[in-house]
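Fold and contact review
Take a look at the letters that make up each chain.
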Amino acid sequence: MKKAFHILIVDDEADMRDSLRDLLNNEGYQVSEAANGILALQKIRENSIDLIISDILMPEMDGLTLLKKVKETDSDAAVILITGYSSIQGAIEAIKFGAEDYFTKPFNVIEIKKTVERIYNSRNLIRKNEMFKQEILRKEFPGIIGRSEAIHNVLEHIKNVADSNVSVLITGESGVGKELVAQAIHKSSLRNKEPFIPINCAAVPKDLLESEFFGHEKGSFSGAINRKYGIFEIAHKGTLFLDEIGEMPFELQAKLLRTVETKQLRRIGGSEIIEVDIRILCSTNRDLKQDISDKKFREDLYFRLATYTILVPPLRERRNDIPLLINNFLKKKGILDLKINENLINLMMSYDWPGNVRELENVLERLLIISKGKMIELKHLPQEILETPENNDSGFTEKAANRIKSLEEIEKEHIMKTFNRCEGNKVKTAQVLGIGLKTLYRKLEKYQKEN
Ligand SMILES: Nc1ncnc2c1ncn2[C@@H]1O[C@H](COP(=O)(O)OP(=O)(O)OP(=O)(O)O)[C@@H](O)[C@H]1O
Ligand SMILES: [Mg+2]
């Protein structure tokens, strides 16, 4: 049986390639060849290569340049360079740039076998360790899918905080899985037999939030027909997840802080002091530090809640997880035998997913409907994914050219967005944008004329 270890031999001389290939093939490795550095880079991009053995002296692209280029890709292939006696200096340089080792010509067969075996063994060990670690993490947090470094970090953070009672602020763009992380913290904490109570601070009308949080006594205000228990009481002994904490009205923040600090509360209209034992997790996709300087969020509350913060990275920073997420989604739907065009997965991996995992799930949901259970084809994809600039092989197709915006357009969009965000306040807009007030006036006037 072949070893799961893929070696790429790069040399412009066919004889050299042949003899190395035969040697390594006999040792059971999987071997590919490339006649120059450019072809090699292409192979590295298309295959998962574990080791590159490359000549230093080659026309077009020399071995050192190839080495540097490999280190710039996300391939983690080890590199061995082959040098003639005269370029031993080059070999020393190679080690400096991250080559694993070098061979001198003429070859010493035993030395080659040994060196390759050493790299094979150490890579195998790392891989086994990695798999073992991931297996453990996956078992512990079954809901969170992903093997990327980015997700791995998040899982490590969850592990760090799970056992303690510390408040955790989970940040990240919309749809990245913040709530999933909160659930995972709860599930792996000592409170996991007690309730996990999520509340979305943006979804409850402002005037009802106080009662939602702290409860009220019968007759405490018109409409308070019965006693109501707030979520602090309901989540007693468990975990309270305050989703979109940035939307919490400023007036209520002081009261929340008091309860969080003293672990005591009083229902609206009540006199009894109620003790609660709560762990608090919260999430936001806003920049709370900005909200603090804008006096929309209390700094003391922030520090109390964000004792530990976990940033869940956007999907575009962990594209390698996309195939897994797709599989997982299909599995959740009970679909096991659906065929997906491989190119389509590639397209999905190069799209930026502004709506993150939630957007991915929505697109898949739509694809399932459109493809009617048959093979999912490229034509089923939504336009925005097909039109991702990198997704046009020919580079500058007409469509892509039409889509690419001029700098001026982007500037206009950015200025108008900021202007709206600053609620039409020109002084503030100019400050935020770092431009003079006069310049802003001039630009706004121009846009007005254009419209
Ligand atoms: N790593 C992941 N593995 C599996 N499913 C995921 C992952 N991340 C997110 N999801 C799924 O994506 C959807 C959105 O996740 P979630 O609601 O946790 O995001 P969010 O960050 O809280 O979003 P919002 O900011 O809009 O509240 C959910 O259906 C969730 O199950
Ligand atoms: Mg959420």
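Attention now goes to the packing of aromatic side chains. Considering all chains together, one arrives at nine aromatic pairs under this definition. Between Phe 5 and Tyr 120, the ring centres sit 5.2 Å apart and the planes meet at 85°, which makes this aromatic pair edge-to-face. Residue Phe 5 is found in the segment before strand S1 (6–10), and its partner Tyr 120 is found in helix H5 (residues 109–140); the two are separated by 115 residues along the sequence. Note on Phe 5: relative accessible area 1%, which makes it buried.

The subject of this paragraph is the sheet that holds strand S7 (residues 196–200). Taken in spatial order, the five strands line up as S7-S8-S11-S6-S12 in an open sheet, and their pairing is parallel. In the strand order of this sheet, the two ends are held by S7 and strand S12 (308–311), each with one partner. Taken pair by pair, the neighbouring strands of this sheet meet at an average axis angle of 20°, ignoring direction. Relative to S12, strand S6 (residues 168–171) runs parallel, the two being bridged by four bridges. In the sheet register, Ile 170 faces S12, and the bridge partner there is Ile 310. Contacts between helix H6 (residues 149–162) and the sheet are confined to S6, strand S11 (279–284) and S12, with S12 contributing the most and set at about 160° to the helix.

Turning to the pattern of salt bridges, a few remarks are in order. Summed over all chains, the structure comprises 22 salt bridges. Residue Asp 101 pairs with Arg 118 through a salt bridge whose shortest N-O separation is 3.1 Å. Residue Asp 101 is found in strand S5 (residues 101–104), and its partner Arg 118 is found in helix H5; the two are separated by 17 residues along the sequence. With its nearest N and O atoms 2.7 Å apart, the salt bridge here joins Arg 191 to Asp 277. With a gap of 86 residues between them, Arg 191 in the loop between helix H7 (178–187) and S7 and Asp 277 in the loop between strand S10 (274–275) and S11 connect regions that are remote in the sequence. By sharing partners, the salt bridges in this structure join Arg 17, Asp 18, Arg 21, Asp 22 and Glu 33 into a single network.

As for its placement among the helices and strands, Gln 253 is situated in helix H10 (residues 250–262). A relative accessible area of 0% places Gln 253 in the buried class. The contacts of Gln 253, once residues within four sequence positions are left out, are Met 248, Lys 296, Phe 297, Arg 298 and Leu 301.

One open sheet holds the five strands; their spatial order is S2-S1-S3-S4-S5, and the pairing between them is parallel. Two strands in the sheet have a free side with no partner beyond their single neighbour: strand S2 (30–34) and S5. Averaged over neighbouring strand pairs, the angle between their axes works out to 20° when direction is ignored. Along the sheet, helix H3 (residues 63–72) contacts S1, strand S3 (51–55) and strand S4 (78–83); its crossing angle with S4, the most-contacted strand, is approximately 175°.

In this section: the domain arrangement of the protein. One frequently used descriptor of interface size is the decrease in accessible area upon assembly of the parts. Per the domain assignment, the segments of the protein are domain 1 (6–128), domain 2 (149–311), domain 3 (316–403) and domain 4 (407–450). When each unit is reduced to the centre of its C-alpha atoms, the spacing between domain 2 and domain 3 is 35 Å. Each side of the interface is counted separately: domain 2 has six residues, and domain 3 has nine residues. Of the roughly 590 Å² buried at the junction of domain 2 and domain 3 (both faces included), carbon and sulfur atoms supply 38%. It is Glu 173, Gly 175 and Val 176 in domain 2 that bury the most area against domain 3; as a group they hold 60% of the surface buried on that side. For the interface between domain 2 and domain 3, the tally reads one salt bridge. One salt bridge connects Glu 173 with Arg 316, and the closest N-O pair in it is separated by 2.6 Å. Across the domain 2-domain 3 interface, the total number found is six residue pairs in polar contact (both at pLDDT 80 or more).

Next up on the list: helix H13 (residues 322–332). By the burial criterion, the buried members of H13 are Ile 322, Leu 325, Ile 326, Phe 329 and Leu 330. Seen end-on, H13 carries its buried residues on one side only, within an arc spanning 135°. Exposed side of H13, more than 90 degrees from the buried face: Lys 331 and Lys 332 are the residues found there. Looking at the buried positions of H13, the neighbouring elements they touch are helix H14 (342–350) and helix H15 (356–371).

Turning to the packing of helix H18 (residues 407–421) against helix H20 (residues 437–450), a few remarks are in order. Where H18 contacts H20, the axes come no closer than 11 Å and their chain directions differ by 105°. Here H20 runs roughly perpendicular to H18, going by the angle between their axes. Here Glu 408, Glu 411, Lys 412, Ile 415, Met 416 and Phe 419 of H18 come into contact with H20, specifically with Leu 440, Lys 443, Leu 444, Lys 446, Tyr 447 and Glu 450. Taken together, the residues of the contact of H18 with H20 sort by class into six nonpolar, no polar and six charged.

Conventions and cut-offs
- Residues numbered from 1 in each chain as written.
- Chains lettered and ligands numbered in written order.
- Predicted model: local features only at pLDDT ≥ 70, side-chain atom pairs only at ≥ 80, totals over all residues.
- Heavy atoms only, no water.
- Phe/Tyr/Trp six-rings, centres within 6.5 Å; stacked < 30°, edge-to-face > 60°.
- Helix = DSSP H or I, 4+ residues; strand = E, 2+ residues; numbered from the N terminus.
- Buried < 20%, exposed > 50% of the residue type's maximum accessible area, 1.4 Å probe, protein only.
- Pairing = 2+ DSSP bridges.
- Axes fitted to C-alpha atoms, helices over the stretch in contact; angles between N-to-C directions.
- Contact = heavy atoms within 4.5 Å.
- Salt bridge = Lys/Arg side-chain N within 4 Å of Asp/Glu carboxyl O.
- Domains from an automatic or database assignment.
- Buried area = accessible area lost by both parts, 1.4 Å probe.
- Polar contact = N/O pair within 3.5 Å; in protein donor to acceptor, adjacent residues only side chain to side chain.
- Arc of directions from axis to C-beta.
- Parallel < 35°, antiparallel > 145°, perpendicular 65-115°, else oblique.
- Nonpolar A, V, L, I, M, F, W, Y, C, P; charged D, E, K, R; others polar.

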